[in-house]
Amino acid sequence: MGRELFFHEAELFERRAGLPWELVAYFHDVGKGHVVYQSGVVGNYMCHEVYSAAIAYMALRELGEFGARAVATAVLLHHHAMERVEMCAYLFRHLVLSPRFEPAEGFDELLEELVGVRAPVVSNAWDTAVYAASDPKAYAVAQIALGPLVVADNIVASRRGGKPHRLLLELARELPAVAKYLMPKH
């Protein structure tokens, strides 16, 4: 969906990062596969993007350090507008959330099947995600991927929740391609 709506941005990201834009989409929510979220201990997926970014970086490094950083940075920031980065820093620093990513049953197999990479061991998610996002050039390239990701992610969420976010309604007025995704499914 992100590629369809923002083809030029996805292509530009790929030229700059050296990795397919779809990797940003595929990895943005993999942190939700942590056992604490799947068991219901933390029911709202708070800070899943930190785990997602760490997994993306560790899994993609062998395809290219710069591209792995760009993907991981976009993944880390996909909820940035919610001002969660500082709250997540607090939760990880005070060990409210485990620094280690502990995959739920079936996670490793699913990641390999969907993305074609083995699930990496992530022992310190916060430090790994912050390190991945510390390259200013990769950070700049990640910004290209964020628009398509955030819009597509919000469209999917509005389909589940029934009511589109105000941002999506504004975008739909400007971009007719967005409007067709906001129509209720029958």
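Just so you know, these numbers come straight off a predicted model, no measurement behind them.

1. Examining the overall build of the protein chain
- When helices and strands are tallied, the protein chain shows twelve helices and zero strands.
- Scanning the protein chain from its N terminus toward the C terminus, one meets helices and strands in the order α-α-α-α-α-α-α-α-α-α-α-α.
- Looking at the 186 residues of the protein chain, the share that counts as buried comes to 47%.
- Contacts spanning at least 24 positions in sequence make up 71% of the contacts within the protein chain whose residues lie at least 6 apart.
- Within the structure as shown, the protein chain displays about 10200 Å² of accessible surface, and the carbon and sulfur contribution to it stands at 56%.

2. Section: the side chain of Asp135
- Relative to the assigned elements, Asp135 resides in the loop between helix H9 (125–132) and helix H10 (136–161).
- Although Asp135 is buried, it makes no salt bridge; Arg69 carries the closest opposite charge, 4.4 Å away.

3. Focus on the state of the cysteines
- Tallied over the entire structure, the rule returns one disulfide.
- Note on cysteine connectivity: Cys47 is disulfide-linked to Cys88, with sulfurs 2.1 Å apart. Between Cys47 and Cys88, the disulfide has an S-S torsion of -100° and is therefore left-handed. Taken together, the residues Cys47 in the loop between helix H4 (35–38) and helix H5 (48–60) and Cys88 in helix H7 (residues 85–93) connect sequence positions 41 residues apart.

4. Examining the packing of aromatic side chains
- Taken as a whole, this structure holds seven aromatic pairs when the rule is applied.
- For the pair Tyr37 and Tyr45, a centre-to-centre distance of 5.6 Å together with 50° between the ring planes defines the contact as tilted.
- A relative accessible area of 4% means that Tyr37 is categorised as buried.
- Both rings, one in Tyr57 and one in Tyr131, keep their centres 5.9 Å apart while their planes meet at 70°; by these two values the pair is edge-to-face. Of this pair, Tyr57 sits in helix H5 while Tyr131 is found in helix H9, placing the two residues 74 residues apart along the sequence.
- Taking the relative accessible area as the measure of exposure, Tyr57 reaches 4% and is therefore buried.
- One aromatic cluster is present, built from ring pairs that chain together Tyr37, Tyr45, Tyr51, Phe92, Phe101, Phe107 and Trp126.

5. Re H5
- Taking 1.5 Å per residue, 13 residues should reach 18 Å; H5 reaches 18 Å between its end C-alpha atoms and fits that length.
- With respect to burial, H5 is a largely interior element, twelve of its 13 residues being buried.
- Those residues of H5 that sit buried are His48, Glu49, Val50, Tyr51, Ser52, Ala53, Ala54, Ile55, Ala56, Tyr57, Ala59 and Leu60.
- Taken together, the buried residues of H5 touch helix H3 (22–27), H4, helix H6 (65–77), H7, helix H8 (107–115) and H9.

6. Details of unusual backbone geometry
- Despite not being glycine, Tyr45 shows a phi value in the positive range, around 60°.
- Relative to the helices and strands, Tyr45 is located in the loop between H4 and H5.
- By relative accessible area, which is 30% here, Tyr45 ends up partly exposed.
- Unusually for a residue other than glycine, Leu95 sits at a positive phi of about 55°.
- Positionally, Leu95 belongs in the loop between H7 and H8.
- A relative accessible area of 59% means that Leu95 is categorised as exposed.

7. Details of the nonpolar core
- Core analysis: the biggest nonpolar cluster contains 52 residues, and Phe13, Phe27, Cys47, Val50 and Val71 have the highest contact counts within it.
- For this core, the secondary-structure elements that each account for two or more residues are helix H2 (7–17), H3, H5, H6, H7, H8, H9 and H10.
- The dominant element in this core, judged by the number of residues it contributes, is H5, at nine residues.
- When residues no more than four places from it in sequence are discounted, the contact partners of Val50 are Leu76, Cys88, Phe92, Ala125, Trp126 and Ala129.
- Membership of the second largest hydrophobic core comes to seven residues, among which are Phe6, Val151, Leu171 and Ala172.

About the thresholds
Every chain begins its residue count from 1, and numbering advances along the sequence as written. Only residues with pLDDT of 70 or above have their local features reported here, since the model is predicted, and side-chain atom pairs are shown and tallied only from 80 upward, although totals for entire chains, interfaces and linings are computed over all residues. Just so you know, side-chain values use all the structure's heavy atoms and leave hydrogens and water out. Put simply, DSSP marks the helices as runs of H or I at least four residues long and the strands as runs of E at least two long, and each gets a number from the N terminus on. The buried label applies to any residue whose accessible area, calculated with a 1.4 Å probe on protein chains only, is under 20% of its type's maximum; exposed applies above 50%, and partly exposed to all values in between. By definition in these notes, contact holds between two residues if any of their heavy atoms fall within 4.5 Å. Residue exposure ignores everything except the shown protein chains as possible cover, and the areas themselves are Shrake-Rupley values with a 1.4 Å probe. Counted as positive: Lys and Arg. Counted as negative: Asp and Glu, with His and the chain ends omitted from the count. We define a salt bridge as a contact between a side-chain nitrogen of Lys or Arg and a carboxyl oxygen of Asp or Glu at a distance within 4 Å. Note on terminology: disulfide denotes any pair of cysteine sulfur atoms within 2.5 Å. Paired rings are identified among Phe, Tyr and Trp, the last through its six-membered ring, by centres lying within 6.5 Å, and are further divided according to the angle between planes into stacked (under 30 degrees), edge-to-face (over 60) and tilted (the rest). Under the convention used throughout, the expected extent of a helix is 1.5 Å for every residue step, that is, one less than its residue count. The set of buried Ala, Val, Leu, Ile, Met, Phe, Trp, Tyr and Cys residues whose side-chain atoms join them within 4.5 Å is what this entry labels a nonpolar core.

Scope: geometric values only; no functional claims are made or implied.
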